[in-house]
Amino acid sequence: MHQGRSGRSLGERAADSGVRPDQPPQAPARPDPEGRHCWVHDPPEGPGTWPGLLIEWRRAETGWQGRVAYTVAGAHGSALVEAWLPAGRLEPR
């Protein structure tokens with residue numbers, strides 16, 4: 001930790017996240033009732049990066065998928081979306 005800063009560094013938080021760039025996402029040993037914050041990249045409902053909540057992982061024929069809840073801007077305001085998306089579109093926050 002550097003003088004003038006409080007809390008853990010980005011490197012420390014990344015090391016504790018359990019996600020490694022050279023490893024595929026791991027299914028949790030037990031359901032995580034609190035969920036996990038993540039970034040959702042380019043979902044079908046709206047291009048861009050959106051904040052989301054990762055609810056759970058599953059292994060599909062095409063690879064890992066995460067069940068996420070996130071909002072996207074629509075013509076009539078924000079819309080809440082819950083969907084299974086490929087792991088490549090999700091990034092830990």
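## Topic: the pattern of salt bridges
1) Next: The full count for this structure, using the stated rule, is 2 salt bridges.
2) Next: When the shortest N-O distance is used, the salt bridge between Arg67 and Glu56 registers 2.7 Å. A residue pair is termed long-range when its members are at least 10 positions apart, and Arg67 in strand E3 (residues 63-74) and Glu56 in strand E2 (residues 49-60) qualify at 11 residues.
3) Next: Judged by relative accessible area, Arg67 falls into the partly exposed class, the value being 24%.
4) Next: When its relative accessible area of 33% is taken as the criterion, Glu56 is described as partly exposed.
5) Next: For Glu82, the salt bridge goes to Arg67, with nearest N and O atoms at 2.5 Å. One end of the pair, Glu82, is in strand E4 (residues 77-86); the other, Arg67, is in strand E3, with 15 residues separating them in the sequence.

## A short note on the sheet that holds E2
1) Next: A sheet is described by the order of its strands in space; here 5 strands give the open sequence E4-E3-E2-E1-E5, paired in antiparallel fashion. Each of the sheet's edge strands pairs with one partner strand only, and the pair in question is E4 and strand E5 (90-92). The average angle at which neighbouring strand axes cross in this sheet is 40°, direction not considered.
2) Next: Here 3 bridges tie strand E1 (residues 36-41) to E5, and the two strands are oriented antiparallel to one another. Paired with Trp39 across the strands is Glu91, a residue of E5.

Rules and cut-offs
- Residues numbered from 1 in each chain as written.
- Predicted model: local features only at pLDDT ≥ 70, side-chain atom pairs only at ≥ 80, totals over all residues.
- Heavy atoms only, no water.
- Salt bridge = Lys/Arg side-chain N within 4 Å of Asp/Glu carboxyl O.
- Helix = DSSP H or I, 4+ residues; strand = E, 2+ residues; numbered from the N terminus.
- Buried < 20%, exposed > 50% of the residue type's maximum accessible area, 1.4 Å probe, protein only.
- Pairing = 2+ DSSP bridges.
- Axes fitted to C-alpha atoms, helices over the stretch in contact; angles between N-to-C directions.

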